[in-house]
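Breakdown of the fold
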Amino acid sequence: MLMLTAIIGISTIIVFTSFSEAQLEQKTFVTHSGQIIKTSGDVLDPLYTASTVEFDPMRYLREFNYGRVSQLSDGTILREFTIIAEDNKIQEISPGVFYNVWTFNGTVPGPTIRVTEGDVVRINFINNGSKSHTIHFHGIHQAEMDGVFEPVGPSGGQFTYEFIAGPVGVHPYHCHVMPLEEHIVHGLYGVFIVDPKEARPQADEMVMVLNGFDTDFDTENNFYAANTIPFYYQHHPIQISTGELIRIYVVNMVEFDPINNFHLHGNLYQYYPTGTSLVPSTFTDMITLSQTERGIMEFQYTYPGKYLFHAHKVEFSEKGWVGLFLVQETKESSGE
Amino acid sequence: MEEIKKSRIRLIASGLIPFAFLIVMMLYLFGPSSGLLEFGVPLPEITIEKVEFLEYEIHVTVRNTGPIPVVIAMADVNDRIQPAAIEPDKFLERFESVLVRIPFSWNTSEPYTIGITLDDGVRFEKFTEAATPAIKSDYELAGFFAIIGTYVGIIPVMIGLLWLPFIKRIGKNKYNFFLALTVGLLFFLGIDALLEGFEISKENISAAFNGELLIITVTLLSFLGLYYSAEKLTSRTSLTASSKPFAIGLMIAIGIGLHNLGEGLAIGAAIGLGQVALSTFLIVGFALHNTTEGIAIASPIAKTKSPIFKIIILGLIAGAPTILGTWIGGFFYSPYTAIIFLSMGAGAIFQVMLIILKWLYQSEQKLVQTSIVSGVGVGMLIMYITSILV
């Protein structure tokens, strides 16, 4: 009896203290308008809370895959890639929101494949998913390498795509199995860059895939982003330097909405539609992109500071397609 | 002695054995065979019960009304993601409710859709036609509500009671007409309360709570409870000719009072939730409509000598709850209390209706006669026509 009383007493104290601590612990957060909110509860803030999610947009941004390189007997460069499709992953695509992503090599977007014009590209495709999948590359190739009429069966089906890289530019690749919309919006897409034989000028290069997620399946996107995670580059600004040439390979993979766009703050960029020409078509701070429309942007900042880039379709930016460049002064001839 | 004890034990045992089996079955279903009965995937569901517009903040009351616990991941205003706080936390057990606070400088009288997204990416929303500042409980507003309640509840009922001397002087047939008129008025009010309850239930209460069945249950309970206690009451006080009509008048007053409480609740809530710009026209409509309630009370007591203060008390019993209703509705609105009060009122009204009909039948031995049939019909028509004004 005494024992019981003691146990009840102690547990009451423990429960009570933890309760009162929880009451005392006030979390705060700041809104756009600078308002400070105090709460004893949880904060739901995908905009400013730096949270860790499985996919790292910062790593994806500057990660280019050149493949296993070998030389054919005629001297042509052969680049081999292995791409594995899966469709059972549940990924946190915005803080606290989980969605079934279909992936090439485990991520959305899939790996950025980078080759030089004229190279022989060989993609060993393995489908470890539960449905048929393919890879359809935008570009010039033979009909049987188009990834449309040769569905690759689930649970280990294989296919080897082989073609000569071209034309120069930035292209998307994606699964082309019906229902196509379903296979694309779940995440089976990536970027394919074909460099000109004479390389473009040295630059700080990045890839941005503009994408969205319809998490409640009502054929309207609930989230938009540059590189999958909404608001990511807003709380993790992309660090660049003044005077340095920045080159962005941008590909619009947003479904459901007819257009997307890209607006850069405090600057204008040279724009190369599809990257097929080495001469820019326009100098602007705003381009409009339809489905799978893409291009190359080049610019450099003169003044240091924080600059936004976002969809000027504000609905998209307020649902995640917004980010920041943190421009830092270049240290001139440091340590020389 | 021993025999009696034995049979008693048997009786108790025979009553308990089915319970024991019920418990065993439930344990089995939840335990070893829990996988057996699961068809399909249980879908999470939440209901946004209330949206309030405070200074620089929108407060959203969310309840988990689905079959499984949920986690809230995100809030949005007009489909644009907003940072928010959620109290006490984002994990909701079944039927648990939380407060989501969204800092937002909203504009008065503009429409807003509030969205709440769960961790599986499913979004639920609630539309508000026109944002109106949430009412803070202050004395000034309580006074304002009291004035509205007086205009809508007390004054019209009192005016209706002024027909008392008129009803006193008329002959038996015409008197029966007025009693039947009361039946018509009450029948209309009862149906009106039920429909109002169903509407609230449909708009604000999730299907999980069986709002419609709650209305029917409460109405029936209130009807049976009042009917039973009224019978007990009238049989205990050795019935004199004068006390029974007054008892009926009192019952009508209580029934109408409960109805007016519900009506006040609706008015207070409508102002509180910013769903209505309360116009003078609306108040006039309610007042005209409620004057008929005074006639309903006046009719049964007309043939007896009731002191004036007793009549005033009856009027207050019927009318004053409107004020209480506006306070509850305006300051602490909940759809649950609203439908409970409305259905209690409906039950009370149906009970009074039945008592008057019984009374008429006792004095006339038949109900199918011109004065009674026309009275019921006219009563319902009057109510319908005045209800259009509201």
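Cut-offs applied
- Residues numbered from 1 in each chain as written.
- Chains lettered and ligands numbered in written order.
- Predicted model: local features only at pLDDT ≥ 70, side-chain atom pairs only at ≥ 80, totals over all residues.
- Helix = DSSP H or I, 4+ residues; strand = E, 2+ residues; numbered from the N terminus.
- Buried ≥ 20, exposed ≤ 12 C-beta atoms within 10 Å, placed from the backbone.
- Contact = placed C-beta atoms within 7 Å.
- Pairing = 2+ DSSP bridges.
- Axes fitted to C-alpha atoms, helices over the stretch in contact; angles between N-to-C directions.
- Parallel < 35°, antiparallel > 145°, perpendicular 65-115°, else oblique.
- Left-handed = near helix turned anticlockwise from the far one by under 90°.
- Nonpolar A, V, L, I, M, F, W, Y, C, P; charged D, E, K, R; others polar.
- pLDDT = per-residue confidence, 0-100.
- Domains from an automatic or database assignment.

Looking at the overall build of chain A
Looking only at helices and strands, chain A features five helices and 23 strands. Here chain A, with 336 residues, has 40% of them falling under the buried criterion. Contacts in chain A between residues at least 24 apart in sequence constitute 68% of all its contacts with a sequence separation of at least 6.

Quick word on the overall build of chain B
Each helix and strand in chain B was counted, giving 11 helices and nine strands. Taking all 390 residues of chain B together, 43% fall into the buried category. Contacts spanning at least 24 positions in sequence make up 80% of the contacts within chain B whose residues lie at least 6 apart.

Observations concerning helix α9 (residues 321-331) of chain B
Most of α9(B) sits inside the fold, with nine of its 11 residues counted as buried. The set of residues buried in α9(B) consists of B:P321, B:T322, B:I323, B:L324, B:G325, B:T326, B:I328, B:G329 and B:G330.

Things to note about the sheet that holds strand β23 (residues 322-328) of chain A
Residue and element names in this part refer to chain A. The sheet built from five strands is open, its strands ordered β15-β23-β22-β17-β20 with mixed pairing. Strands with a single pairing partner mark the edges of an open sheet, and in this sheet they are β15 (238-241) and β20 (286-289). Taking the axes of each pair of neighbouring strands and ignoring which way they run, one obtains an average angle of 25° across the sheet. Here strand β17 (residues 260-264) pairs with β20 via four bridges, running antiparallel. Opposite N261, over in β20, you have T288 as the bridge partner.

Regarding the packing of helix α2 (residues 139-161) of chain B against α9(B)
Residue and element names in this part refer to chain B. Interaxial distance between α2 and α9 falls to 8 Å at its minimum, and their mutual angle equals 135°. The orientation of α2 with respect to α9, classified from their angle, is oblique. Our pair here, α2 against α9, has a crossing hand that is right-handed. In contact with A142, F145, A146, I148, G149, T150, V152 and G153 of α2, α9 contributes T322, I323, T326, W327 and G330. When grouped by side-chain class, the residues that make up the contact of α2 with α9 number seven nonpolar, six polar and no charged.

As for the confidence of the model for chain B
All names here are of chain B. Chain-level pLDDT for chain B is 81 on average; 89% of the residues reach the 70-or-more range. Mean pLDDT values for the elements of chain B range from 73 in helix α7 (residues 280-301) up to 94 in strand β8 (residues 112-118). This complex was scored by the predictor with a pTM of 0.74 and an ipTM of 0.82.

Regarding the interface of chain B and chain A
If you look at the interface, chain B gives 25 residues, while chain A gives 26 residues. When residues of the side of chain B that touches chain A are traced back to their parent elements, those giving at least two are β3 (70-77), β4 (80-82), β5 (84-87) and β7 (97-103) of chain B. Ranked by residue count, the leading element in the side of chain B that touches chain A is β3(B), at five residues. A breakdown of the residues in the side of chain B that touches chain A according to their chemical character gives 14 nonpolar, three polar and eight charged.

What about the domain arrangement of chain B?
For chain B, the domain assignment lists domain 1 (46-128) and domain 2 (139-388). Just the C-alpha atoms count here: the centres of domain 1 of chain B and domain 2 of chain B sit 37 Å apart.

Here we look at the sheet that holds strand β19 (residues 282-284) of chain A
All names here are of chain A. With mixed pairing, six strands are arranged side by side in an open sheet as β14-β13-β16-β21-β18-β19. Both edges of this open sheet fall to β14 (223-226) and β19, since each of them pairs with a single strand only. Each neighbouring strand pair of the sheet contributes to a mean axis angle of 25°, computed without reference to strand direction. Across four bridges, the pairing between strand β18 (residues 269-273) and strand β21 (residues 294-299) is antiparallel. From the neighbouring strand, Y271 faces β21, where its bridge partner is M297.

Quick look at the environment of B:G197
Assignment of secondary structure puts B:G197 in helix α4 (residues 172-204). Here the alpha-carbon distance between B:G197 and B:Y336, two residues 139 residues apart in the chain, equals 9.6 Å.

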